[in-house]
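Chain and residue survey
These are the residues of each chain, in order.
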Amino acid sequence: MHVDKAKLMKIGKKALEYGVYIAVAIFIYTKLNGNIRELEEIDDVDIGLMVLSLWIFSLHSIWNGFNWHYLIRQSGEKVEISGQMKVYLKSYILRYIPGNVVGIMSRGVYNKQYKVPMVKSLWGWFFENIVYLMWGILIGGYFLITSGFSIAQISALVIASLIIGSVVLLRNEWFTFLFNKVVLPKLPPEAKSEFKSLNVSFSSRIQLFGRYLVSWIIYSVSFLILAMAFGVDVSKNWLLLVSANALSWSIGYLSLVTPSGTGVRESVMITALSGGAGLSNEIAVIISIAARIVFIVGELLGFAQAYAMMFISDFFYKKNE
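Because the structure is a prediction, the values reported are computed rather than measured.

1. Section: unusual backbone geometry
The residue Lys115 is not glycine, and still its phi comes out positive at about 65°. Note that Lys115 resides in the loop between helix 5 (101-111) and helix 6 (118-145). Look at Lys115 and you get exposed, because its relative accessible area is 74%.

2. Structural notes on a nonpolar patch on the surface
Nonpolar side chains collect at one region of the surface, where Ile289, Ile293, Ile296, Val297 and Leu300 lie side by side and expose about 390 Å² of accessible area between them. When you line up the elements, Ile293 lands in helix 13 (residues 281-320).

3. Description of the packing of helix 3 (residues 47-74) against helix 6
With their axes 11 Å apart at the nearest point, helix 3 and helix 6 run at an angle of 130° to one another. When the axis of helix 3 is compared with that of helix 6, the two are oblique. Considering how the two elements wind past one another, helix 3 and helix 6 form a crossing that is right-handed. Seen from helix 3, the contacting residues are His60, Asn64, Trp68 and Leu71; seen from helix 6, they are Ser121, Gly124, Trp125, Phe127, Glu128 and Tyr132. Partitioned by chemical class, the residues of the contact of helix 3 with helix 6 number five nonpolar, four polar and one charged.

4. A few points about the layout of surface pockets
In this structure, the second largest pocket encloses a volume near 160 Å³. What lines the second largest pocket is simply Phe66, Ile81, Ser82, Met85, Ala306, Met309, Met310, Ser313 and Asp314. Where the lining of the second largest pocket is concerned, the elements lending two or more residues are helix 4 (81-94) and helix 13. With five residues, helix 13 is the single largest residue contributor to the lining of the second largest pocket. Split by residue class, the lining of the second largest pocket holds six nonpolar, two polar and one charged.

5. Description of the packing of helix 10 (residues 202-229) against helix 11 (residues 234-255)
In a packed pair of helices, the relevant descriptors are the angle between the two axes and the axis-to-axis distance. At a minimum axis distance of 9 Å, the contact between helix 10 and helix 11 shows a crossing angle of 120°. Looking at the two axes, helix 10 sits oblique to helix 11. Once helix 10 is placed against helix 11, the crossing between them reads as right-handed. When helix 10 is examined against helix 11, the residues Trp216, Tyr219, Ser220, Phe223, Leu224, Ala227 and Met228 are found in contact with a partner set consisting of Val234, Trp238, Leu241, Val242, Asn245, Ala246 and Trp249. For the contact of helix 10 with helix 11, the per-class residue count stands at 12 nonpolar, two polar and no charged.

What counts and how
- Residues numbered from 1 in each chain as written.
- Predicted model: local features only at pLDDT ≥ 70, side-chain atom pairs only at ≥ 80, totals over all residues.
- Heavy atoms only, no water.
- Helix = DSSP H or I, 4+ residues; strand = E, 2+ residues; numbered from the N terminus.
- Buried < 20%, exposed > 50% of the residue type's maximum accessible area, 1.4 Å probe, protein only.
- Patch = residues over 30% accessible without salt bridge, like charges linked within 9 Å, V, L, I, M, F, W, Y side chains within 5 Å.
- Areas by Shrake-Rupley, 256 points an atom, 1.4 Å probe, with all protein chains shown as cover.
- Salt bridge = Lys/Arg side-chain N within 4 Å of Asp/Glu carboxyl O.
- Axes fitted to C-alpha atoms, helices over the stretch in contact; angles between N-to-C directions.
- Parallel < 35°, antiparallel > 145°, perpendicular 65-115°, else oblique.
- Left-handed = near helix turned anticlockwise from the far one by under 90°.
- Contact = heavy atoms within 4.5 Å.
- Nonpolar A, V, L, I, M, F, W, Y, C, P; charged D, E, K, R; others polar.
- 1 Å grid on protein atoms, 1.4 Å probe; cavity = no way out; pocket = protein on both sides within 12 Å on 5 of 7 lines; lining within 4 Å.
- Points joined across faces, edges and corners; volume = space filled by probe spheres on them.

This is the structure we're talking about:
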């Protein structure tokens with residue numbers, strides 16, 4: 001009897017994904033001691049702050065679109081900002097498909113129309129994700145320091161992040177080796193045939209590190225305003241809240257089981273907010289759910305705003321011509 005290993009792996013991954021969702025649901029139910037109705041009683045929500053949080057997060061996607069254009073431009077490609085913004089946003093939305101592969105590959109496919117080699121676009125995706133994740137882990141490290149983890153554990157995490165960041169920043173040839181070992185073998189033959197590495201100058205890489213730190217600042221401000229919308233006083237523990245959010249995002253991203261870390265991120269955030277940040281279980285649960293909604297709707301709003309701006313810009317450009 002022939003066994004289709006690929007099909008079995010797909011079924012196994014799907015079962016693991018739904019298993020995570022079930023485990024998270026049980027975890028939330030346990031955190032609330034079975035009193036789900038307590039969530040319904042939380043009606044003291046500032047809608048204005050919720051909308052503000054949503055709008056600020058929408059700028060996160062737009063800003064990263066600018067970062068993507070800068071990255072490709074500095075690598076030597078003569079590309080326009082509108083085209084690269086479209087490439088980034090369309091591929092970014094597609095990453096919600098399980099496995100992340102479609103979103104990753106689409107970055108290269110969409111960029112081919114602008115004569116950017118597919119592998120070079122995938123290099124760019126690899127670069128931005130490593131830098132963004134590095135910042136997430138470093139910011140999230142503060143929560144670990146205040147939560148009773150051993151110095152050895154925290155140091156190992158921070159040192160690993162700094163080493164990875166240093167390799168990307170200082171030793172581009174090591175970054176090439178890592179890319180060739182991790183990403184290149186998974187690409188189709190036609191992508192490998194047009195191989196072109198991502199050579200970005202040292203000064204440009206420093207700018208990109210700073211640009212992705214700004215991305216985290218935008219994300220963090222949005223999260224703090226979201227917490228304020230539910231009556232949380234962020235003046236005393238704002239750094240702890242920011243760190244808890246960054247840690248939950250990083251662990252969710254690294255889980256790779258569910259699309260965009262769904263479920264995993266919420267579990268870590270609930271644990272962090274109700275533990276180290278000192279919020280009640282009910283508020284921690286509702287903020288984690290609201291944060292996911294802001295994350296998704298904010299991305300879609302950023303997508304809509306960017307396309308609206310490009311449409312208006314093209315309209316007036318053609319009218320002036």
